[in-house]
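So you can see what is in the structure, the chains are spelled out below.
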Amino acid sequence: MKKNLTISLLTAALLLSLASCKEKKSEDNGIIKTDYEAPKPTEPKATSVSTMTQEVEWIEGRHYYVTITGKADSTLSMVENEYGQKFIDNAIRLSVTRSDSTTFFEQTFTKESFAEWLNKDYHEKAILTNISFLDVEGDMLTFIASLNHPEAGEDESVDLMLQIDRHGGTKVKPFTYNDRDDIDVRIRNK
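Just so you know, these numbers come straight off a predicted model, no measurement behind them.

Peer 1: Can you walk me through the overall build of the protein chain in this structure?
Peer 2: Looking only at helices and strands, the protein chain has three helices and 11 strands in total. From first element to last, N terminus to C terminus, the protein chain shows the α and β order α-β-β-β-β-β-β-β-α-β-β-β-β-α. Taking all 190 residues of the protein chain together, 30% fall into the buried category. Nonlocal contacts in the protein chain, meaning residues at least 24 apart in sequence, comprise 46% of its contacts between residues at least 6 apart. Accessible surface for the protein chain amounts to roughly 13100 Å². Of this, 51% is attributable to carbon and sulfur atoms.

Dropping the structure here:
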């Protein structure tokens, strides 16, 4: 009988403890709140643009020098991120000179130079981040123009192929994955 009383008391204690552990709903439904403060805008920021000069063998084996110089240009429209931070857009000068130092081609490119290839988001919120020499393709010098949201990674850029022909004419077209594959094959075969 003592054993039954002990079991009964233990059972009663267990039932009481289970009854007192019923779930209570919290007022915030378990959501953890943190005090997050968005970054405060500072003075307009400028992004760095590389400058490079490269010698290339082009028309009939002649040597040319490709020079790309970029700079932040405060006369261009600024772009603004979601926190209100403003960024100065870039102007990039591309020049091609002959071996005798005479100018074959010279033009300054801005985001507006590529406007027809940009969707509304990139037209309003991206900047021209870079133009880089890619390759000689027959009688064309080929470059890649990159436009990107400020402070975003390279994977988020719009890349366009910019070509200069032997008469100084320019042509722009989308840079596709097929173009990337073709370039990788040419680089491996050099």
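Moving on from the coordinates now.
Peer 1: Where do I start with the nonpolar core in this structure?
Peer 2: In this structure, Val 66, Leu 94, Leu 141 and Phe 143 are the most contacted members of the largest nonpolar core, which totals 28 residues. When residues of this core are traced back to their parent elements, those giving at least two are β3 (63-72), β6 (90-98), β7 (103-109), β8 (127-137), β9 (140-148) and β10 (158-165). Among all residues touching Val 66, those that are not within four sequence positions of it are Met 52, Thr 53, Gln 54, Val 56, Leu 94, Ser 95, Val 96, Phe 133, Leu 141 and Phe 143.

Peer 1: Help me understand the packing of aromatic side chains in this model?
Peer 2: Two numbers describe a pair of aromatic rings. These are the distance of the centres and the angle of the planes. Under the defined criterion, the tally for this structure stands at five aromatic pairs. An aromatic cluster of three or more residues is present, and its members are Trp 58, Tyr 64 and Phe 104.

Peer 1: Would you explain the environment of Pro 44 in this entry?
Peer 2: On the secondary structure map, Pro 44 appears in the loop between α1 (2-20) and β1 (45-46). Linking Pro 44 and Glu 80, residues 36 residues apart in sequence, is a C-alpha distance of 9.0 Å. When sequence neighbours within four positions are dropped, the list of residues in contact with Pro 44 reads Met 78, Gln 85, Lys 86 and Ile 88.

Peer 1: Any chance you could explain the sheet that holds strand β2 (residues 52-57) here in plain terms?
Peer 2: Hydrogen bonds between backbone groups are what pair the strands of a sheet, and the pairing can be parallel or antiparallel. Spatially, four strands are ordered β2-β3-β6-β7 in an open sheet, and the strand pairing comes out antiparallel. Because the sheet does not close on itself, it has two edges, and the strands there are β2 and β7. This sheet shows a mean twist of 15° between the axes of neighbouring strands, independent of strand direction.

Peer 1: What am I meant to see in the sheet that holds β9 here?
Peer 2: Pairing is antiparallel in the open sheet, where four strands are placed in the order β8-β9-β10-β11. One side of each edge strand has no neighbouring strand; the edge strands of this open sheet are β8 and β11 (170-174). With direction set aside, neighbouring strand axes in the sheet form an average angle of 25°. Examined bridge by bridge, β8 and β9 share nine bridges and lie antiparallel to one another. Directly across from Ser 132, in β9, lies its bridge partner Ile 144.

Peer 1: What is the right way to look at the pairing of β7 in this model?
Peer 2: The side chains of a regular strand alternate between both faces of the sheet. Judged from the six bridges that link them, β6 and β7 form a sheet pairing that is antiparallel. By the bridge assignment for β7, Thr 97 is matched with Thr 103. Following β6, the chain reverses through four residues before pairing antiparallel with β7; Ser 101 in that reversal takes a positive phi of roughly 75°.

Peer 1: For this particular structure, what's the right way to read the pattern of salt bridges?
Peer 2: Two side chains that carry opposite charge are able to pair once their charged atoms sit near each other. Going through the model one piece at a time under the given rule, you end up with three salt bridges. We note a salt bridge from Arg 62 to Glu 60, for which the minimum N-O separation is 3.0 Å. Owing to a relative accessible area of 45%, Arg 62 belongs among the partly exposed residues under this scheme.

Peer 1: Is there a simple way to think about unusual backbone geometry in this case?
Peer 2: Peptide bonds are, in most cases, trans, and in most cases residues other than glycine have a negative phi. Backbone geometry at Glu 60 places phi at a positive 55°, although glycine is not the residue there. With respect to the helices and strands, the residue Glu 60 is situated in the loop between β2 and β3. Taking the relative accessible area as the measure of exposure, Glu 60 reaches 64% and is therefore exposed. One non-glycine residue with positive phi stands out, namely Ser 101, at about 75°. Inspection of the secondary structure puts Ser 101 in the loop between β6 and β7.

Peer 1: Sorry if this is basic, but what is going on with the confidence of the model for the protein chain here?
Peer 2: Fine structural detail should not be taken from predicted coordinates in areas where pLDDT scores are low. Of all residues in the protein chain, 74% attain a pLDDT of 70 or more, and the chain-wide mean is 83. Taken as a whole, residues 184-190 scores under 50 in pLDDT and shows three contacts with residues more than four places along the chain or in a different chain.

Reading the values: the criteria
- Residues numbered from 1 in each chain as written.
- Predicted model: local features only at pLDDT ≥ 70, side-chain atom pairs only at ≥ 80, totals over all residues.
- Heavy atoms only, no water.
- Helix = DSSP H or I, 4+ residues; strand = E, 2+ residues; numbered from the N terminus.
- Buried < 20%, exposed > 50% of the residue type's maximum accessible area, 1.4 Å probe, protein only.
- Contact = heavy atoms within 4.5 Å.
- Areas by Shrake-Rupley, 256 points an atom, 1.4 Å probe, with all protein chains shown as cover.
- Core = buried A, V, L, I, M, F, W, Y, C linked by side-chain atoms within 4.5 Å.
- Phe/Tyr/Trp six-rings, centres within 6.5 Å; stacked < 30°, edge-to-face > 60°.
- Pairing = 2+ DSSP bridges.
- Axes fitted to C-alpha atoms, helices over the stretch in contact; angles between N-to-C directions.
- Salt bridge = Lys/Arg side-chain N within 4 Å of Asp/Glu carboxyl O.
- pLDDT = per-residue confidence, 0-100.

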